[in-house]
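# Breakdown of the fold
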Amino acid sequence: MTQTLTSPDQIARALWYVDRELVALREEQLPKLADGEAVEVETLYSAISRGTERLIFTGRVPETEWDRMRAPLQQGAFPFPVKYGYCAVGRVVNGPQSLNGKLVFCLHPHQDRFVAVANNVVLIPDGVPAKRAVLAANVETALNAVWDARVLPGDRVIVIGAGIVGLLIAAVACRILGTDVSVVDRSDATRNEAAALGVPFTMPVDADDLAAADVVFHTTATGGGLQSAIRAAGMEATVCEVSWYGDREINVGLGGAFHSKRLKLVSSQVGQIAEPQRTRWDYRRRLGKALEILAEPAFDALVEDEVRFDDLPERMADILSDTATGLPPVIAYERSRS
C-alpha cells in the first residue's frame, strides 16, 4: 500500500507502521535545507532491528514506554501510525562541502531519501562498506552490554541467543584478551555466521558443560532463555539481560541456587551510556567506536541477505514473524545504488 502526494520536487518514500501488523510506504515532501546546518542523504541501506520492530509491528509497546521508546528521528507516535528505525546508511547529495559525496550513518527511520541536521550524521570510516555499516547501532548495543556486564580479560562468557545482537556481543567479548566465549541457540540457523566471527556455537542439548560462566548475556526475549542464562552462571557471576519484552510478562524461577550463588541480574539498554563509561563517553564517541569495530571484514557475514525497500509492505510480516529464523535481511534501496 502506497500513499501518494502530489507535490512536485524532492519527494521521499518512508516505511510507516500504520496499524497492527500493517506497514505502508508513504510519500512525503522533504524539508528545505538550512545553509550549512543540514544534509540531504540518499539512502543506500538500512537495517531492521527485529526484536524492537517486531514489538512495534504487533502493537506490543506498552503505553508507559511510548516516550522512552522514541527513536531519535522518529515521526508519528505510538502505537500507530509511526515512522520508526535507527540504522540508515547513505550518501550525502546536498549539504556542507565537507560532507558532500561522503558515506554517512544516521539514526533515521527506513526512508529512501532524507534531510537531517548535519550533526546527526556520522562519517563512515574508510574501509567500512556501506552495507556493513548498517550494523553500527547494533554494535553500539553490544558494546554497551559488554560495558554493563563488566567483562574482564580471561572471563568465561556465555551468550544465550544467536541473533544479530547476541552474535555481536559474542564477537566483542571474544576480542577481549583471554576470554572464553560461547553462543548458545535452539536453532542452528546462524551457526555459520558465528563461525565467521570466530565464536564457538552450541545448541542447548550440547550445552551441559557450559555452566559456571563468569558472565552470561541473554538476548532471546523468552523466559526459558533467561532461565537458561541463570543456570549457566557460576558463583557470584553476572547475568546481563539485553532483551526487551514490551508488554509481555515472563515467569522466571529465582529459587534453587539463584540466591546461594549470589548471582547479579542486571539489565542493559543502549539508550543510556553504560555506567562504567558514562563519565568519559558520549553517544557520538560510542557510535564512532562501533563504526571502527566494523572495519573487520568478518562482520559481512551478518549482512549477506537483502530485501528490496519496495518489497517491504509484502515482506515485513514474514521478516518480523515470531517463527522467523536466521538473521533479518538488510534493506536495499535500488534507486540509490544505481
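Model, not experiment: these values are computed from the prediction. (Residues numbered from 1 in each chain as written. Predicted model: local features only at pLDDT ≥ 70, side-chain atom pairs only at ≥ 80, totals over all residues. Heavy atoms only, no water.)

## Points about the overall build of the protein chain
For the protein chain, the helix and strand inventory stands at nine helices and 18 strands. Principal axes of the C-alpha set define a box for the protein chain whose edges measure 65 × 40 × 35 Å. Evaluated residue by residue, the protein chain yields a buried proportion of 52% over its 338 residues. Put simply, 68% of the contacts in the protein chain that link residues at least 6 apart link residues at least 24 apart. Accessible surface for the protein chain amounts to roughly 15,600 Å². Of this, 48% is attributable to carbon and sulfur atoms. Computing the positive centroid from 35 side-chain charges and the negative centroid from 44, the protein chain places the two 3 Å apart. (Helix = DSSP H or I, 4+ residues; strand = E, 2+ residues; numbered from the N terminus. Buried < 20%, exposed > 50% of the residue type's maximum accessible area, 1.4 Å probe, protein only. Contact = heavy atoms within 4.5 Å. Areas by Shrake-Rupley, 256 points an atom, 1.4 Å probe, with all protein chains shown as cover. Lys, Arg positive; Asp, Glu negative; His and termini not counted. Charge placed at Lys NZ, Arg CZ, Asp CG, Glu CD.)

## Quick notes on the confidence of the model for the protein chain
When pLDDT is averaged across the protein chain, the result is 93; 94% of the residues are at 70 or more. A low-confidence stretch, residues 1–8 stays under pLDDT 50, and its non-local contacts, those more than four residues away or across chains, total 14 contacts. (pLDDT = per-residue confidence, 0-100.)

## Section: the packing of aromatic side chains
Scanning all chains against the criterion turns up five aromatic pairs. On the numbers, 5.9 Å between centres and 50° between planes, the contact of Phe78 with Tyr84 is tilted. Here Phe78 and Tyr84 have matching classes, each one buried. Over the ring of Trp16 we find Arg26; its NZ or CZ atom is 5.3 Å from the centre of that ring. The ring centre of Trp281 lies 3.7 Å from the NZ or CZ of Arg285, which sits over that ring. (Phe/Tyr/Trp six-rings, centres within 6.5 Å; stacked < 30°, edge-to-face > 60°. Lys NZ or Arg CZ within 6 Å of the ring centre and 35° of its normal.)

## Re the sheet that holds strand E13 (residues 201–202)
Taken together, the six strands give an open sheet; going across it, the order is E13-E12-E11-E14-E15-E16, and neighbouring strands pair in parallel fashion. At either margin of the open sheet sits one strand with a lone partner, and together these are E13 and strand E16 (264–267). Looking at chain direction, strand E14 (residues 213–218) and strand E15 (residues 233–241) are connected through five bridges and run parallel. Looking at the pairing, Phe217 lines up with Cys240 of E15. Helix H3 (residues 136–149) contacts E14, E15 and E16 of the sheet and is inclined by roughly 140° relative to E14. Sheet contacts for helix H6 (residues 223–232): strand E11 (156–160), E14, E15 and E16; angle to E15, the most-contacted strand, approximately 150°. (Pairing = 2+ DSSP bridges. Axes fitted to C-alpha atoms, helices over the stretch in contact; angles between N-to-C directions.)

## Overview of the pairing of E15
Of all the nine residues making up E15, seven are buried; the element is thus mostly covered by neighbouring parts of the structure. Following the chain from E14 across H6 to the adjacent parallel E15, one finds a crossover that is right-handed. In the sheet, E15 pairs with E16 via four bridges, with the strands oriented parallel. Across the sheet, residue Thr238 finds its bridge partner in E16, namely Lys264. (Right-handed = clockwise from strand over helix to strand, strands pointing away.)

## With respect to the pattern of salt bridges
Enumeration over the complete set of coordinates arrives at 16 salt bridges. With a shortest N-O distance of 2.7 Å, Arg68 and Glu65 are connected by a salt bridge. For Arg68, a relative accessible area of 64% puts it in the exposed group. Arg175 is the partner of Glu296 in a salt bridge, and the nearest nitrogen-oxygen pair spans 2.9 Å. Of this pair, Glu296 sits in the loop between helix H7 (283–293) and strand E17 (306–308) while Arg175 sits in the loop between helix H4 (164–174) and strand E12 (180–184), and the two are 121 residues apart along the sequence. (Salt bridge = Lys/Arg side-chain N within 4 Å of Asp/Glu carboxyl O.)

## Quick notes on the nonpolar core
If you look at the biggest cluster of nonpolar residues, it comprises 82 residues, and the most contacted ones within it are Tyr17, Tyr84, Phe217, Phe299, Leu302 and Met316. Here the element with the most residues in this core is H3; it accounts for nine residues. Counting 16 residues, the second-largest nonpolar core is a separate cluster that includes Ala221, Ala233, Val239 and Leu263. (Core = buried A, V, L, I, M, F, W, Y, C linked by side-chain atoms within 4.5 Å.)

## Notes on helix H8 (residues 312–319)
Side chains that are three or four residues apart share a direction in an α-helix, a result of its 3.6 residues per turn. Buried within H8 are the following residues: Leu312, Met316 and Ile319. All buried residues of H8 project into a common sector of 70° when viewed along the axis, lining one side. Counted as exposed and oriented over 90 degrees from the buried face of H8: Glu314 and Asp318. (Arc of directions from axis to C-beta.)

## Remarks on the environment of Arg248
For Arg248, the position within the fold is in the loop between E15 and E16. Judged by relative accessible area, which is 33%, Arg248 ranks as partly exposed. With 151 residues separating them in the primary sequence, Arg248 and Gln97 have C-alpha atoms 48 Å apart. For Arg248, the contacting residues outside a window of four places in its chain are Arg60 and Ala221. At 3.0 Å, the side chain of Arg248 forms a polar contact with the backbone oxygen of Ala221. (Polar contact = N/O pair within 3.5 Å; in protein donor to acceptor, adjacent residues only side chain to side chain.)

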